[in-house]
Amino acid sequence: MIHYFDSKEPFSLELGGELPELRIAYHTYGTLSPAKDNVVWVCHALTANSDVADWWPHTVEEGRFLDPARHFIICANILGSPYGTTAPLHINPQTGEPWYLDFPPFTIRDMVHAHRLLADHLGIGRIHTLVGSSVGGFQAVEWAVEEPERIGRLALIATAATASPWSIAVDETQRMAIEADATFFQRREDGGRKGLATARAIGLLTYRGADGYNLTQQDREPLPEVHRACSYQQYQGEKLCRRYNAYSYYVILNAFDTHDVGRGRGGVEAALQRITAPTVIVGITTDIIFLPGEMRELHRMIPHSRYFEMDSPFGHDGFLVEHDLLNEILYPFVND
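This write-up is about the structure you can find in this document. Small disclaimer: the values here were computed from a predicted structure and weren't measured.

1. Considerations on the overall build of the protein chain
Then step 1. Secondary structure summary: the protein chain contains eleven helices and twelve strands in total.
Then step 2. Relative to the globule expectation of 20 Å for 336 residues, the C-alpha radius of gyration of the protein chain, 20 Å, shows essentially globular dimensions.
Then step 3. With the C-alpha coordinates of the protein chain rotated into their principal frame, the extents come out at 60 × 50 × 40 Å.
Then step 4. Burial status across the protein chain gives 58% buried among its 336 residues.
Then step 5. Nonlocal contacts in the protein chain, meaning residues at least 24 apart in sequence, comprise 73% of its contacts between residues at least 6 apart.

Here it is, written out as structure tokens:
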């Protein structure tokens, strides 16, 4: 069941803006122990929501690394997302109208500050294990650097300590697609819908990569009227439009590009040295967003870390698909 935390206090943002008030949507699973020492906090990725059991198959189950029989699992919806936390289509209390593109710019650090606010509200002083994959990993590594004393263990999956020029270029290409849709600037809830569908199709190319597409999207007959890969791109673009909006997608891509744990901390390596939690880092052999070599470099810079690599043809999306392989790695780490 979804829960909400409402703060009527102004929420200051790193880039100088402010939200007059803040709502955070979150899900929990399992029971919080009397000592509050069994918390597993999951930071979610770009278009996911706080319902981990919904978007991460076969993870929130007994015998899996997110075991609600053993742990109190919590996931907070990120700032800017359309799934309940304050976002561009929410009403700006100062104008009485939705924010749209007036939504103040925010960063990954602002997302983490919202998580910290929720944790304080719930009386969670110590997190047994913090888990983050993809953009969720951005949040997790930032949180572990910012509050090392709060994090007992850290699991980082297909992620990075900074947004790379390559990933920023992919984001900019998606923003260009959204901006090419004139309806995006018309202050309407369905604004930018076609642009969003195109942006999603662009993003999917990087999520799966050539191996993933060549494995799953082969045509079933010669000279088809519509290639299977084409219908897949169209379907996935429309599917996202049914559950998301262009304004949230756009501002979260902007936030993605701000990610740099070394900013103001003497550089990336110096910042990562602050992490005191035992850490597991998981790379994916065919990931073309967060390359295995980059994941190994992250392992080199984080003290007390171990590196595992999943062999999967599904690229970055392997963390969503290869749940058995991932469980083999993370279950002993979370539960030993």
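The rest of the description comes next.
2. Focus: the nonpolar core
Then step 1. Membership of the largest hydrophobic core comes to 77 residues, with the highest contact counts inside it found for Trp41, Phe106, Leu130, Leu154, Tyr249 and Leu272.
Then step 2. In terms of residues, this core owes the most to one element, helix α7 (residues 246–257), which gives nine residues.
Then step 3. When neighbours within four sequence positions are excluded, tryptophan 41 is seen to be in contact with Ile74, Ala76, His115, Leu118, Ala119, Ile124, Ile127, Thr129, Leu130, Val131 and Trp143.
Then step 4. Counting residues in hydrophobic clusters, the runner-up holds 26 residues, among them Tyr29, Val52, Ala155 and Phe319.

3. Describing the environment of isoleucine 178
Then step 1. As for its placement among the helices and strands, isoleucine 178 is situated in helix α4 (residues 165–179).
Then step 2. On the basis of relative accessibility, which here comes to 0%, the residue isoleucine 178 falls in the buried class.
Then step 3. Sequence-wise, isoleucine 178 and histidine 90 are 88 residues apart; in three dimensions their C-alpha atoms are separated by 20 Å.
Then step 4. Ignoring any residue separated from it by four or fewer positions in sequence, one finds isoleucine 178 in contact with Phe184, Gly195, Leu196, Ala199, Ala246, Tyr249 and Tyr250.

4. Some thoughts on the environment of isoleucine 202
Then step 1. Within the secondary structure layout, isoleucine 202 lies in helix α5 (residues 193–216).
Then step 2. Judged by relative accessible area, which is 23%, isoleucine 202 ranks as partly exposed.
Then step 3. Distance in space between the C-alpha atoms of isoleucine 202 and glutamine 233 is 8.6 Å, their sequence separation being 31 residues.
Then step 4. When neighbours within four sequence positions are excluded, isoleucine 202 is seen to be in contact with Thr173, Gln174 and Ala177.

5. Brief notes about the pattern of salt bridges
Then step 1. In total, this model carries 23 salt bridges according to the counting rule given.
Then step 2. Among the ionic pairs, glutamate 146 bridges to arginine 265, the shortest N-O distance being 3.4 Å. Of this pair, glutamate 146 sits in helix α3 (residues 135–146) while arginine 265 sits in the loop between α7 and α8 (268–272), placing them 119 residues apart in sequence. Across the pair, exposure class does not vary: glutamate 146 and arginine 265 are buried alike.
Then step 3. Residues participating in the shared-partner salt-bridge network are Glu14, Arg109, Arg116, Asp120, Glu142, Glu146, Glu147, Arg150, Arg263 and Arg265.

6. Considering the packing of helix α2 (residues 108–121) against α3
Then step 1. At a minimum axis separation of 9 Å, α2 and α3 run at an interaxial angle of 70°. When the axis of α2 is compared with that of α3, the two are roughly perpendicular. Between α2 and α3 the crossing geometry is right-handed. Residues Ile108, Arg109, Met111, Val112, His113, His115, Arg116 and Ala119 of α2 pack against Val135, Phe138, Gln139, Glu142, Trp143 and Glu146 of α3.

7. Examining the side chain of glutamine 174
Then step 1. As for its placement among the helices and strands, glutamine 174 is situated in helix α4.
Then step 2. Relative accessible area serves as the criterion here: at 2%, glutamine 174 is assigned to the buried category.
Then step 3. Not counting the four nearest positions on each side in its chain, glutamine 174 is found in contact with Ala199, Arg200, Ile202, Gly203, Tyr249 and Leu253.

About the criteria used
The residue numbers shown here count from 1 along each chain, following its written sequence. Reporting of local features is limited, given that this is a predicted model, to residues whose pLDDT is at least 70; pairs of side-chain atoms are given and counted only at 80 or more, and all residues count toward the totals for whole chains, interfaces and linings. For the side-chain quantities, the full set of heavy atoms in the structure was used; hydrogens and water were omitted. To qualify as a helix, a DSSP run of H or I must reach at least 4 residues; to qualify as a strand, a run of E must reach at least 2; elements of each kind are numbered from the N terminus. Note that the radius of gyration is over C-alpha atoms, with the globule rule given as 2.2 Å times the number of residues to the power 0.38. For the exposure calls, accessible area comes from a 1.4 Å probe over protein chains only, and a residue counts as buried if that area is under 20% of its type's maximum, exposed if over 50%, partly exposed in between. Two residues form a contact once any of their heavy atoms are found within 4.5 Å. What we call a nonpolar core is a set of buried Ala, Val, Leu, Ile, Met, Phe, Trp, Tyr and Cys residues that are connected through their side-chain atoms within 4.5 Å. We count a salt bridge whenever a side-chain nitrogen from Lys or Arg sits within 4 Å of a carboxyl oxygen from Asp or Glu. Lines fitted to the C-alpha atoms define the axes, with helices restricted to the stretch that makes contact. Angles between their N-to-C directions range from 0 to 180 degrees. Angle categories are assigned with fixed cut-offs, so that under 35 degrees is roughly parallel, over 145 is roughly antiparallel, 65 to 115 is roughly perpendicular, and the rest are oblique. If you view the pair so one helix is near and one far, a crossing is left-handed when the near helix is turned anticlockwise from the far one by less than a right angle, and right-handed when it is turned clockwise.

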